[in-house]
Amino acid sequence: MKTDPEVFIRDNTGILSPPHVPEVRLRLATEAHDLWLKTEEELEAIGLPPPFWAFAWAGGQGLARHVLDHPALVAGKSVLDFASGSGLVAIAARLSGAAAVLAADIDPWSKTAVRLNAALNGVEIAHTSENLIGRDESWDVVLAGDVFYDRSFAEVLLPWFAALAARGAVVLVGDPGRAYCPRERMEALATYVVPVTRALEDSEVKKTTVWRYRALGV
């Protein structure tokens, strides 16, 4: 890395609560921070992948809200928060009583963001930068916020989620209407109207649905 992640994150974010999850505090970028305005080329020059960890995306906010409102989904259980980003959903799971939470994100900057955000909320969360797609480490619950934004990525996720659900894992997805969300394979549990930033989503609110992935044949 060309830049120290912790120094950069502290200098380019503020401590905020996502509007739909006021119980949680995160280090997030806002219009007041230069990070908001940097182009992909400028980010590459400082060794920074697109900073998905710096924003509370609608899918993650809806999923975190659902977990906090229904703590029995995760209480006492082992949880994987896949494509964790800032760690918002992982933090919600821990606050709801999950026995163990693993935040997984291949972006190496996410590890530092999750550590800083977990500390803000007084919880402990493990993190891995490994690509876990296709693996099964016997998680009771798998949480995934806003992962169906890309066709090729969705095609890789579908069989993995199906396999996890088939062996009994609860697979929950928070999705704000992305094009490649396989709604026919899932059961809708709840829908939330989540305030978002127009600069990110071209909208001021996003209707976000929390889905449970069904095992094949169910």
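What you see is a predicted model; the values in this text were computed from it and never measured.

A. Seen up close, the overall build of the chain. Helix and strand counts for the chain stand at 7 helices and 9 strands. Out of the 218 residues in the chain, the part that is buried amounts to 53%. Long-range pairs, those at least 24 residues apart, make up 67% of the contacts in the chain with a sequence separation of at least 6. Only carbon and sulfur atoms are counted for the fraction: they give 52% of the accessible area of the chain, which is about 9,800 Å².

B. Layout of the pairing of strand β6 (residues 141–145). Extensive coverage of β6 is indicated by the burial of 5 of its 5 residues. Here strand β3 (residues 78–82) pairs with β6 via 4 bridges, running parallel. Considered in β6, the bridge of Asp81 is made with Leu143. Relative to strand β7 (residues 170–175), β6 runs parallel, the two being bridged by 5 bridges. Its bridge partner being in β7, Leu143 is matched across the sheet by Leu172.

C. Local environment of unusual backbone geometry. The phi dihedral of Ser138 falls on the positive side, at around 65°, and the residue is not glycine. In this structure, Asp146 takes a positive phi of about 55° despite not being glycine. Mapped onto the secondary structure, Asp146 falls in the loop between β6 and α6 (151–166). Look at Asp146 and you get buried, because its relative accessible area is 9%.

D. Local environment of the side chain of Thr13. Mapped onto the secondary structure, Thr13 falls in the loop between α1 (5–12) and β1 (14–16). For Thr13, the side chain forms a polar contact with the main-chain oxygen of Ile9, separated by 2.5 Å.

E. Focus on the nonpolar core. Counting residues in each nonpolar core, the largest one holds 34 residues, and the members touching the most others are Val79, Ala93, Ile125 and Leu143. Going through the elements one at a time, β2 (26–28), α3 (58–69), α4 (88–95), β4 (100–104), α5 (108–120), β6, β7 and β8 (186–195) are the ones with two or more residues in this core. When residues of this core are assigned to their parent elements, the largest contribution, 6 residues, is made by α4. In contact with Val79, other than residues within four places in its own chain, are Val74, Ala93, Ala98, Ala100, Val101, Leu102, Trp139, Val141 and Leu143. With 25 residues, the next largest nonpolar core counts Leu102, Ala104, Ala154 and Met186 among its residues.

F. Spatial organisation of the sheet that holds β8. What the 7 strands build is an open sheet, ordered β5-β4-β3-β6-β7-β9-β8; its pairing is mixed. Two strands bound the open sheet, and with one partner strand each, they are β5 (126–128) and β8. Between one strand and the next, the sheet's axes are offset by a mean angle of 20°, whatever the strand orientation. Taken together, the 4 bridges between β7 and strand β9 (residues 205–213) define a ladder with antiparallel strand orientation. The partner of Gly174 across the bridge, within β9, is Val210. Each of β6, β7, β8 and β9 is contacted by α3, which is oriented at about 110° to β8, the strand it contacts most. With respect to the sheet, α4 is in contact with β3, β4 and β6, its orientation differing from that of β4 by roughly 180°.

G. Structural context of the environment of Ala45. Considering the arrangement of structural elements, one finds Ala45 in helix α2 (residues 40–45). Classification of Ala45 by relative accessible area gives exposed; the value is 53%. Counting along the chain gives 42 residues from Ala45 to Thr3, while the straight-line C-alpha distance between them is 9.9 Å.

H. Region of interest: the pairing of β9. Sheet topology places β8 next to β9; 9 bridges connect them, and they run antiparallel. Bridge assignment links Val193 to a residue of β9, and that residue is Lys207.

I. Seen up close, the packing of aromatic side chains. Taken as a whole and judged by the stated rule, the model has 10 aromatic pairs. Arranged with centres 5.9 Å apart and planes meeting at 70°, the rings of Phe55 and Trp57 form a pair that is edge-to-face. Residue Trp57 is classed as partly exposed on the basis of its relative accessible area, which comes to 23%. Each member of the aromatic cluster is reached from another via a ring pair, and the members are Phe82, Phe148, Tyr149, Phe153, Trp160, Phe161 and Tyr213.

What counts as what
- Residues numbered from 1 in each chain as written.
- Predicted model: local features only at pLDDT ≥ 70, side-chain atom pairs only at ≥ 80, totals over all residues.
- Heavy atoms only, no water.
- Helix = DSSP H or I, 4+ residues; strand = E, 2+ residues; numbered from the N terminus.
- Buried < 20%, exposed > 50% of the residue type's maximum accessible area, 1.4 Å probe, protein only.
- Contact = heavy atoms within 4.5 Å.
- Areas by Shrake-Rupley, 256 points an atom, 1.4 Å probe, with all protein chains shown as cover.
- Pairing = 2+ DSSP bridges.
- Polar contact = N/O pair within 3.5 Å; in protein donor to acceptor, adjacent residues only side chain to side chain.
- Core = buried A, V, L, I, M, F, W, Y, C linked by side-chain atoms within 4.5 Å.
- Axes fitted to C-alpha atoms, helices over the stretch in contact; angles between N-to-C directions.
- Phe/Tyr/Trp six-rings, centres within 6.5 Å; stacked < 30°, edge-to-face > 60°.

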